[in-house]
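The residues making up each chain are set out below.
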Amino acid sequence: MRCDEVKENIIDFVYDESGDPAAHAEIREHLRTCPACREEVRKLKQAREYLQLWKEEPYPATGVFRSRKAAARRFPEWRYLRYGAIAAMALIALLAVANTQIRWDENGFTFSAGLFREQEADRDYYTKSELRNLLIQALDDSELRMSETNYMMMQKMLDTIERDRWMDLRLVCESSGGNTNKNGSF
Amino acid sequence: MAFIKAETDEAVRRFLNGEEESFDLIVRLWERKVYSLAWRMLGNKEDAQDVVQETFLSVFKSLRRLRDPASFPSWLYRIALNHCRARQKSRAFEFARKRPASVPQANDEAAGLSETAFVPSGAAALENADIIRKALAGLGEDHRTAVILKEYLGLSLEELAQVMECPLSTAKSRLYQGLREIHRNLERLGIKSAAP
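Here the structure is a predicted model, which means the values were calculated and not measured.

Scoring rules and cut-offs
Residues numbered from 1 in each chain as written. Chains lettered and ligands numbered in written order. Predicted model: local features only at pLDDT ≥ 70, side-chain atom pairs only at ≥ 80, totals over all residues. Helix = DSSP H or I, 4+ residues; strand = E, 2+ residues; numbered from the N terminus. Buried ≥ 20, exposed ≤ 12 C-beta atoms within 10 Å, placed from the backbone. Contact = placed C-beta atoms within 7 Å. Core = buried A, V, L, I, M, F, W, Y, C linked by C-beta atoms within 7 Å. Nonpolar A, V, L, I, M, F, W, Y, C, P; charged D, E, K, R; others polar. Pairing = 2+ DSSP bridges. Axes fitted to C-alpha atoms, helices over the stretch in contact; angles between N-to-C directions. Parallel < 35°, antiparallel > 145°, perpendicular 65-115°, else oblique. Left-handed = near helix turned anticlockwise from the far one by under 90°. Expected span 1.5 Å × (residues − 1). pLDDT = per-residue confidence, 0-100.

*Asks:* Hey, could you run me through the overall build of chain A in this one?
*Replies:* Tallying secondary structure elements over chain A gives six helices and two strands in all. Ordered by position from N to C terminus, the α and β elements of chain A give α-α-α-α-β-β-α-α. By the burial criterion, 8% of the 186 residues in chain A qualify as buried. Relative to all contacts within chain A whose residues are 6 or more apart in sequence, the contacts with residues 24 or more apart total 40%.

What follows is the structure in structure tokens.
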């Protein structure tokens, strides 16, 4: 037997587990003539002897494991706790994705959520409806303070916007085949 | 060992057939071995006791999914080893934490392997055990696991391969390397002069 073959079987030899007495006999024969392999086997056996100096720790007399009933009782709690945690995390994730807004102010509690709602871009214009409301507000606020000319001008603008709105509405209804009466009123 | 195996197989089969009471027998048969494994791996009683507790809770929970009752021992050891690993990670465990004051301090990297020769006085069991623990702590996890399972749990080489989920040749190689490292570490620690 060569040194490399001894090395392959050295653990079986040291632990005497090969189940092949012939192989062990060959190794023993090799060891008689090979100091290097002999030294290797000696070191392994010595390491094993050293390891046995660390004695077994006495097992606690009272045992360690709680009763099976305690284990059985413990698991439902674990299970429900785990499911609860998973549900809470899923809910939080959903609310985050849905751009949830929760507000508490003088108007009370408000909650809004929109799944995949588009973020409203910052606008630099007013809609006609908004402009109309602003003009009405301005007319109300400044009615007494403003000059007759300004008041008339604002009133004119308001009329123009109102007319535009109605025209837009009529166009929308006509294009969608909506119902308008003969007077063109809605 | 054969007696334990037969009893274990029977208890596992009964448990799988719905007799939960048989779990008590399984615990009685195996808790000392699990404790021994955990204690050798972790090096302290409290952690070892916690690992026993966690291991059998895991076993109770998942034993019904075990397909082959005959594979119970290696399955059990794997669970215990997983709990040992988890505990080591969570606690940034120091293996030789409770060493006697007379033993020189050393860093974890070298696993307590000071170059300064340390010759234990006589054959004081406590000191020797502590040196062995330090020498083991210097091994990589696979080598240490192989050595502990083989030397202290008495597994056969084939059982070792099953627990470590590797080919037999790999298990032998890990054990071989582990023993060589142990010998080298112990020589550096100076145990040579007190060699048996």
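*Asks:* Would you mind going over the overall build of chain B with me for this structure?
*Replies:* A count of helices and strands for chain B gives eight helices and zero strands. Counting from the amino terminus, helix and strand elements in chain B follow one another as α-α-α-α-α-α-α-α. The contacts of chain B with a sequence gap of at least 6 include a subset with a gap of at least 24, amounting to 64%.

*Asks:* Hey, could you run me through the nonpolar core in this one?
*Replies:* The nonpolar side chains of a soluble globular protein tend to be buried with one another. Residues and elements named next belong to chain B. Residues Ala38, Ala80, Leu160 and Ile182 are the most contacted members of the largest nonpolar core, which totals 56 residues. It is helix H2 (residues 22-42) that provides the largest number of residues to this core, a total of 11 residues. What Ala80 contacts, discounting residues up to four positions off in sequence, is Val34, Leu37, Ala38, Val51 and Thr55.

*Asks:* Would you explain the interface of chain A and chain B in this entry?
*Replies:* By a widely used convention, the size of an interface equals the accessible area lost when the partners come together. The interface of chain A with chain B comprises 27 residues on the first partner and 36 residues on the second. Counting residues per element, the ones that place at least two in the side of chain A that touches chain B are helix H1 (3-15), helix H3 (35-51) and helix H4 (68-97) of chain A. Tallying contributions element by element places H3(A) first for the side of chain A that touches chain B, with eight residues. Among the residues making up the side of chain A that touches chain B, the classes are represented as 15 nonpolar, two polar and 10 charged.

*Asks:* Explanation requested: the pairing of strand E2 (residues 108-112) of chain A in the structure shown.
*Replies:* Residues in a regular strand project their side chains so that they alternate between the two faces of the sheet. Residues and elements named next belong to chain A. Burial analysis of E2 places just zero of its five residues in the buried class, which makes it a mostly uncovered element. Of the pairings in the sheet, the one linking strand E1 (residues 101-105) to E2 comprises five bridges and is antiparallel in character. Along E2, the bridge assignment pairs Arg103 with Thr110.

*Asks:* How should I be thinking about the packing of H1(A) against H3(A) in this particular structure?
*Replies:* Between two packed helices, the angle of one axis relative to the other and the distance separating the axes together describe the packing. Residue and element names in this part refer to chain A. Running from N to C, H1 and H3 cross one another at 25°; their axes reach a closest spacing of 11 Å. Of the possible angle classes, the one that applies to H1 and H3 is roughly parallel. Here H1 and H3 pass one another in a crossing that is right-handed. From H1, Cys3, Val6, Ile10, Phe13 and Val14 reach across to H3, where they touch Ala36, Cys37, Glu40, Val41, Leu44 and Lys45. Looking at the contact of H1 with H3 residue by residue, the class counts come to nine nonpolar, no polar and two charged.

*Asks:* What should I look at first to understand helix H6 (residues 148-175) of chain A in this one?
*Replies:* Structural remark: α-helix, 3.6 residues per turn; residues separated by three or four positions point the same way. The end-to-end C-alpha distance of H6(A), which contains 28 residues, comes to 41 Å, matching closely the 40 Å that a straight helix rising 1.5 Å per residue would cover. Counting buried positions along H6(A) yields zero of 28 residues, so the element is predominantly exposed.

*Asks:* Any chance you could explain the confidence of the model for chain A here in plain terms?
*Replies:* In regions of low pLDDT, the predicted coordinates are not meant to be interpreted in detail. Per-residue pLDDT for chain A has a mean of 76; in total, 73% of the residues score no lower than 70. Of all the helices and strands in chain A, H4(A) carries the lowest mean pLDDT, 70, while H3(A) carries the highest, 93.

*Asks:* Explain the confidence of the model for chain B here, please?
*Replies:* All names here are of chain B. Confidence in the prediction of chain B, expressed as mean pLDDT, is 80, and 78% of residues score 70 or more. The element-level mean pLDDT for chain B is lowest in helix H5 (residues 125-137), coming to 80, with helix H6 (residues 141-151) highest at 95. When the criterion is pLDDT under 50, residues 99-123 qualifies, and its contacts beyond four places in sequence or with other chains add up to 40 contacts. Model confidence for the complex: the whole-complex pTM is 0.61, and ipTM, which rates the interface, is 0.77.

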